[in-house]
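One-letter residues, chain by chain:
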Number of protein chains: 2
Amino acid sequence: MKFSERTLIEEILAPLANPADGSLGLTDDAAFIACAPGRDLVVTQDTLIGSVHFRDQDPAAAIARKSLRVNLSDLAAKGAEPVAYLLSLALPDGVERAWAEDFAAGLRRDQDEFGVALYGGDTVRSPGHVMVTVTACGTVPSGKMIRRAGARAGELIYVSGTIGDGAFGLAALNGGTPAIDALDARARDELAGRFLIPRPRLELAPALRAHASAAMDISDGLAGDLALLAAASRVTAEVDLGRVPLSPPAARAIAAEPDLLIRAVTGGDDYEIVCTVPEGRASAFEAAAGAAGIAVSRIGVVTGGGGPPVFRDSAGRPVRFEQASFSHF
Amino acid sequence: MKFSERTLIEEILAPLANPADGSLGLTDDAAFIACAPGRDLVVTQDTLIGSVHFRDQDPAAAIARKSLRVNLSDLAAKGAEPVAYLLSLALPDGVERAWAEDFAAGLRRDQDEFGVALYGGDTVRSPGHVMVTVTACGTVPSGKMIRRAGARAGELIYVSGTIGDGAFGLAALNGGTPAIDALDARARDELAGRFLIPRPRLELAPALRAHASAAMDISDGLAGDLALLAAASRVTAEVDLGRVPLSPPAARAIAAEPDLLIRAVTGGDDYEIVCTVPEGRASAFEAAAGAAGIAVSRIGVVTGGGGPPVFRDSAGRPVRFEQASFSHF
């Protein structure tokens, strides 16, 4: 690093903290969070590493925003309202001050958008790539965190937004997938933006708390993550592939290369929410999501028994996936 | 890695979590912590990276324990009682399952000793060294977190335990410091043990809450960390170097090479606590610390004005340090 640790903390990161809250303006070794009566704290932590989770050449602000957003996405899926985050930032020697300032600017932008503030963390030297660990803290009414476990046979399965854009966006950035490379520049940029800067669906949290029996965010692919939700709930699921919501660019790529639909439902980085809702609450859930401005699509139904969820094509035939989700190793 | 992410989570890490608490046995994307009325949550986060904070060849259990302990040390200094921790573990490709099991065994041992449990986190592939980020969560009575700011002129300065063992332990492991190399093997092992596995002074937390006006743990050297505490409190300090408590091996090394006293007070990795106590509470603080089984030593006094603390030798002469504390960059 071409600037001191003290400069990084005092000049670049401390302005992201509010000295009047429990962060103490990053002037102490720990932070405190006052707990409101009747609330539980919800905590989640994700690490992103250059060359693994993002490309080293990605814009610093995008890396920062993705690091925060993937954690906010977990809070959203759990029905929590964000309060604070901790940031551990490991930077290799060559990083310029302008890079760090761009990183902080990305955090500032998202803090303001999502109503969350920096409370603390750590700054260290990295012997290799940039590494970012964010711990996000939110709150829910006591006992009301929405879990993976809780889905019951007969309930309906919903997803927010559109599926596959994150995986297609990575493909657009990397090149080499003809049907994606053939899209116009604007469509490729739209997909890339979904990969670089996912959208945590925090607006959906109240609707989830009110109506969902189980929920999780989709970070490693719809097929694999729905399988995790079903397994935690000791049920399985039937999904109608034709109902999986697609963005216009993703739909165009799949129209040109139908097998890409498999990549859409098994690729990672969607950061949409998959949830289950009792049939009697479906219209209320849809209305609440609509009022919150989040599109939700009913894609299938929870069924009894075990095994991975079955995805059926337009002819009703089950589709097999070689690998249901992204795995780090 | 030579085993799957699922194996790591389900077989190696999940046994460190209690399915009956807010960790949900690591089966979900987030954890919840129920907040007791009248308590604040205290959160702190530290990242340790192979080749920077520990040596790649250090035992896995020691890396795990140090990663947890440096965070518990922060909680201790803030007067907090530990509850939970989150762990992000980044492992390079070559790591064997036995290494991960040894890592988990180290965590298990310290969880049991310090009364804390794993609540969640992340597992990722590292393109380089092992990297560990721990977020520790504790509680204090509302508004009672002990801060760096709070020291007043005329108060007494105390440290727990002994100073310099961490830095001397690193020197013992690395070799090249004649007075430390000349110690017998048992003394070098004792020092190395202090570097590898620091001792968080959690037993001191109640005495700090009852009597200390300011406190922090000493991670980057007594001189530098006391300077941070004094600056946060808008005061400065006078320290009598002859009162700085030394372990027998450290004292022997310094007797052979007096300049090593400077390294003792400027080297990192002590994980002792420095705190300030009003004179009228000094005997009560000493009694409370003694009852908790933690040695505390009065090393100086808080004084008005600014600038870095002054350390005086036995003749009362101020001693200058080229660098008051360890800096990552």
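The shown structure was predicted, so the numbers you read here are calculated from the model rather than taken from an experiment.

Some points on the overall build of chain A
Then step 1. On a plain count of helices and strands, chain A comes out with 11 helices and 12 strands.
Then step 2. With respect to the principal axes defined by its C-alpha atoms, chain A has extents near 60 × 50 × 35 Å.
Then step 3. Expressed as a percentage of the 329 residues in chain A, the buried residues total 57%.
Then step 4. Partitioning the intrachain contacts of chain A with sequence separation of at least 6 by distance along the chain shows that 87% fall at a separation of at least 24.

Quick notes on the interface of chain A and chain B
Then step 1. With 58 residues of chain A at the contact, the number on the chain B side is 58 residues.
Then step 2. A total of 10 residues in the side of chain A that touches chain B trace back to one element, the largest contributor, which is strand 2 (residues 39–49) of chain A.
Then step 3. Summarising the sheet, strand 1 (residues 31–34) of chain A and strand 2 (residues 39–49) of chain B pair through 4 bridges and their orientation is antiparallel. Paired with F32 of chain A across the two strands is V42 of chain B, which belongs to strand 2 of chain B.

Comments concerning the environment of T47 of chain A
Then step 1. With respect to the secondary-structure elements, T47 of chain A resides in strand 2.
Then step 2. The exposure class of T47 of chain A is buried, given the 27 C-beta atoms found within 10 Å.
Then step 3. Separated by 23 residues in sequence, T47 of chain A and V70 of chain A have C-alpha atoms that sit 9.5 Å apart.
Then step 4. Beyond its immediate chain neighbours, meaning those up to four positions away, T47 of chain A contacts M131, V132 and T133 of chain A together with S88, A90, D122, V124 and T133 of chain B.

Remarks on the sheet that holds strand 10 (residues 296–303) of chain B
All names here are of chain B.
Then step 1. Strand order across the open sheet formed by 7 strands is 7-9-6-10-8-11-12, with mixed pairing between neighbours. Of all strands in the sheet, those bounded by a partner on one side alone are strand 7 (214–218) and strand 12 (318–319).
Then step 2. One ladder, built from 5 bridges, connects strand 6 (residues 156–160) with strand 10; its direction is antiparallel. Paired with Y158 across the two strands is R298, which belongs to strand 10.
Then step 3. Contacts from helix 8 (residues 222–233) reach strand 6, strand 7, strand 8 (236–240), strand 9 (272–277) and strand 11 (310–312) within the one sheet, and its direction differs from that of strand 7 by about 155°.

Re the pairing of strand 5 (residues 131–141) of chain A
Residues and elements named next belong to chain A.
Then step 1. Across the 11 residues that make up strand 5, a large majority, 10, are buried.
Then step 2. The sheet contact formed by strand 2 and strand 5 spans 11 bridges and is antiparallel. Paired with T47 across the two strands is T133, which belongs to strand 5.
Then step 3. Sheet topology note: the strand 3 (residues 81–91)/strand 5 ladder contains 9 bridges and is antiparallel. Within strand 5, the position partnered with L87 by the bridge is V134.

Considerations on the nonpolar core
Then step 1. Counting residues in each nonpolar core, the largest one holds 224 residues, and the members touching the most others are Y85, A264 and V274 of chain A together with Y85 and V274 of chain B.
Then step 2. The contact partners of V274 of chain A, leaving out residues within four places of it in the chain, are I157, V159, A215, M216, I218, L222, D225, L226 and L229 of chain A.

Examining the domain arrangement of chain A
All names here are of chain A.
Then step 1. If you check the domain split of chain A, you get domain 1 (5–141) and domain 2 (156–319).
Then step 2. Those elements giving two or more residues to the side of domain 1 that touches domain 2 turn out to be helix 2 (60–77) and strand 3.
Then step 3. Among the elements that make up the side of domain 1 that touches domain 2, the one with the highest residue count is helix 2 (10 residues).
Then step 4. Among the residues making up the side of domain 1 that touches domain 2, the classes are represented as 9 nonpolar, 2 polar and 6 charged.

A closer look at the sheet that holds strand 12 (residues 318–319) of chain A
All names here are of chain A.
Then step 1. Reading across from one edge, 7-9-6-10-8-11-12 is the order of the 7 strands in this open sheet, with mixed pairing throughout. The sheet terminates laterally at strand 7 (214–218) and strand 12, the two strands that pair on one side only.
Then step 2. Bridging between strand 8 (residues 236–240) and strand 11 (residues 310–312) involves 3 bridges; their strand directions are parallel. Bridge pairing in strand 11 links E238 to V310.
Then step 3. Contacting strand 7 and strand 9 (272–277), helix 2 runs over the sheet at an angle of about 165° to strand 7.

Re the packing of helix 1 (residues 5–13) of chain A against helix 3 (residues 97–114) of chain A
Helix-helix packing is characterised by the crossing angle of the two axes and by the distance between the axes.
All names here are of chain A.
Then step 1. The N-to-C vectors of helix 1 and helix 3 enclose an angle of 40°; their axes lie 10 Å apart at closest approach. Comparing their axes, helix 3 and helix 1 come out oblique. Judged by the twist between their axes, the crossing of helix 1 over helix 3 is right-handed. Facing L8, I12 and L13 of helix 1, the residues of helix 3 in contact are A100, E101 and A104.

A short note on the relation of the copies chain A and chain B
Then step 1. Note on the copies: chain A fits chain B at an RMSD of 0.0 Å, the axial shift is 0.0 Å, and the rotation between them is 180°. Expressed as a symmetry operation, the mapping of one chain copy onto the other fits a two-fold axis.
Then step 2. Mapped onto chain B, 100% of the interface residues of chain A are again interface residues, and the two copies thus contact each other with one and the same surface.

What to know about the environment of V134 of chain A
Residue and element names in this part refer to chain A.
Then step 1. Structurally, the position occupied by V134 is in strand 5.
Then step 2. Given 30 C-beta atoms within a 10 Å radius, V134 is considered buried.
Then step 3. Here the alpha-carbon distance between V134 and K144, two residues 10 residues apart in the chain, equals 23 Å.
Then step 4. What V134 contacts, discounting residues up to four positions off in sequence, is Q45, D46, S67, L68, N71, Y85, L86 and L87.

Topic: helix 8 of chain B
Residue and element names in this part refer to chain B.
Then step 1. For helix 8, which comprises 12 residues, the first-to-last C-alpha distance of 16 Å matches the rise-based estimate of 16 Å (1.5 Å per residue) to within 8%.
Then step 2. Of the residues making up helix 8, those classed as buried are L222, A223, G224, D225, L226, L229, A230 and S233.
Then step 3. On its buried side, helix 8 packs onto strand 6, strand 7, strand 8, helix 10 (260–266), strand 9 and strand 11.
Then step 4. Phi turns positive one or two residues past the end of helix 8, at R234, with a value near 55°.

A word on the confidence of the model for chain A
Then step 1. For chain A, per-residue confidence averages 95 on the pLDDT scale, and 98% of positions sit at 70 or higher.
Then step 2. For this predicted complex, the interface confidence score (ipTM) comes to 0.94, while the overall pTM stands at 0.94.

Regarding the packing of helix 6 (residues 185–196) of chain A against helix 9 (residues 248–256) of chain A
Residue and element names in this part refer to chain A.
Then step 1. It is the contact of helix 6 with helix 9, at a shortest axis distance of 9 Å, that shows an interaxial angle of 115°. It follows from the interaxial angle that helix 6 and helix 9 lie roughly perpendicular. The way helix 6 lies across helix 9 gives a crossing that is left-handed. Contacts between helix 6 and helix 9 pair A187, E190 and L191 from the former with P249, A250 and R252 from the latter.
Then step 2. For the contact of helix 6 with helix 9, the residue count by class is 4 nonpolar, no polar and 2 charged.

Conventions we followed
Residues numbered from 1 in each chain as written. Chains lettered and ligands numbered in written order. Predicted model: local features only at pLDDT ≥ 70, side-chain atom pairs only at ≥ 80, totals over all residues. Helix = DSSP H or I, 4+ residues; strand = E, 2+ residues; numbered from the N terminus. Buried ≥ 20, exposed ≤ 12 C-beta atoms within 10 Å, placed from the backbone. Contact = placed C-beta atoms within 7 Å. Pairing = 2+ DSSP bridges. Axes fitted to C-alpha atoms, helices over the stretch in contact; angles between N-to-C directions. Core = buried A, V, L, I, M, F, W, Y, C linked by C-beta atoms within 7 Å. Domains from an automatic or database assignment. Nonpolar A, V, L, I, M, F, W, Y, C, P; charged D, E, K, R; others polar. Parallel < 35°, antiparallel > 145°, perpendicular 65-115°, else oblique. Left-handed = near helix turned anticlockwise from the far one by under 90°. Least-squares fit on C-alpha atoms with pLDDT ≥ 70 in both. Expected span 1.5 Å × (residues − 1). pLDDT = per-residue confidence, 0-100.

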